[in-house]
Amino acid sequence: MASALKNLSKYDEEHMPSASDYHFGIVVADWNAEITHALYEGCYDTLLKHGAKADRIHTVQVPGSFELPAGAKMMADRYKLDAVICLGCVIKGETRHNEYINTAVAGGLTNLSMVYGLPFIFGVLTPNDQQQAKDRAGGKHGNKGIEAAATAIRMAELKHQLKEQQGKIGFSK
Ligand code: DLZ
């Protein structure tokens, strides 16, 4: 579904698990900092809102989105984490640089998830222009940082449940 049809700040808060036991890494790209730092605010506040402890949230900044997978790997090697959230904004330009960066980041984070058995969350905006970016960084379509945090909490919880629980996980009342 296009994010224009879904507000990125809206999720099922009622059924969101507590994040109080989990450790998070956040990697923020500094390219388009006005946007990515707004994503970070939304992400960080959402983790706290669901009980994450400030001293269990580790943040690093990297120069651009292309460096997100490398930064995320360094975080996963340095700390014992339950999820790593990667935040960036790659705006389409006159050349195809955005396609190369986005493909590399998506592939890099997918590979890390498989190798580490840990959720590496793709909190990267891929807009056509600055206005589309603003609309998704706290504007009319919400904040992708909030969506990324909510995804990280759910995936951390899933990892925990698969370790601890037997039987059906999800769709249970
Ligand atoms: C070079 C570049 C360009 C043109 N555009 C963006 C962008 O829109 N968003 C982003 O996060 N990074 C961009 N970069 C920087 C690359 O991600 C990377 O930092 C450099 O190519 C150095 O590896």
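Note: the structure precedes this text.
In this text the structure is predicted, and so the values were computed from the model without any measurement.

Caption draft 1: Structural view of the pattern of salt bridges. For the structure on display, the rule yields 4 salt bridges. With its nearest N and O atoms 3.0 Å apart, the salt bridge here joins Arg96 to Glu99. Looking at Glu99, the relative accessible area reads 35%, which means it is partly exposed. Linking Lys144 and Glu147 is a salt bridge whose minimum nitrogen-to-oxygen distance equals 2.7 Å.

Caption draft 2: Looking closely at the site of the ligand. Lining the immediate environment of the ligand, one finds Trp31, Asn32, Gly64, Ser65, Phe66, Glu67, Cys89, Val90, Ile91, His97 and Ile101. Contact distances for the ligand include 3.2 Å between an oxygen atom and a side-chain N or O atom of Asn32. Within the contact set of the ligand, an oxygen atom lies 2.7 Å away from a side-chain nitrogen or oxygen of Ser65. Computed on the free molecule, the ligand has an accessible area of 480 Å², of which 70% lies beneath the protein chains in the complex. A breakdown of the residues in the shell around the ligand according to their chemical character gives 6 nonpolar, 4 polar and 1 charged.

What counts as what
Residues numbered from 1 in each chain as written. Predicted model: local features only at pLDDT ≥ 70, side-chain atom pairs only at ≥ 80, totals over all residues. Heavy atoms only, no water. Salt bridge = Lys/Arg side-chain N within 4 Å of Asp/Glu carboxyl O. Buried < 20%, exposed > 50% of the residue type's maximum accessible area, 1.4 Å probe, protein only. Near = heavy atom within 4 Å. Polar contact = N/O pair within 3.5 Å; in protein donor to acceptor, adjacent residues only side chain to side chain. Areas by Shrake-Rupley, 256 points an atom, 1.4 Å probe, with all protein chains shown as cover. Nonpolar A, V, L, I, M, F, W, Y, C, P; charged D, E, K, R; others polar.

Without other data, these values stay purely geometric and don't point to any function.
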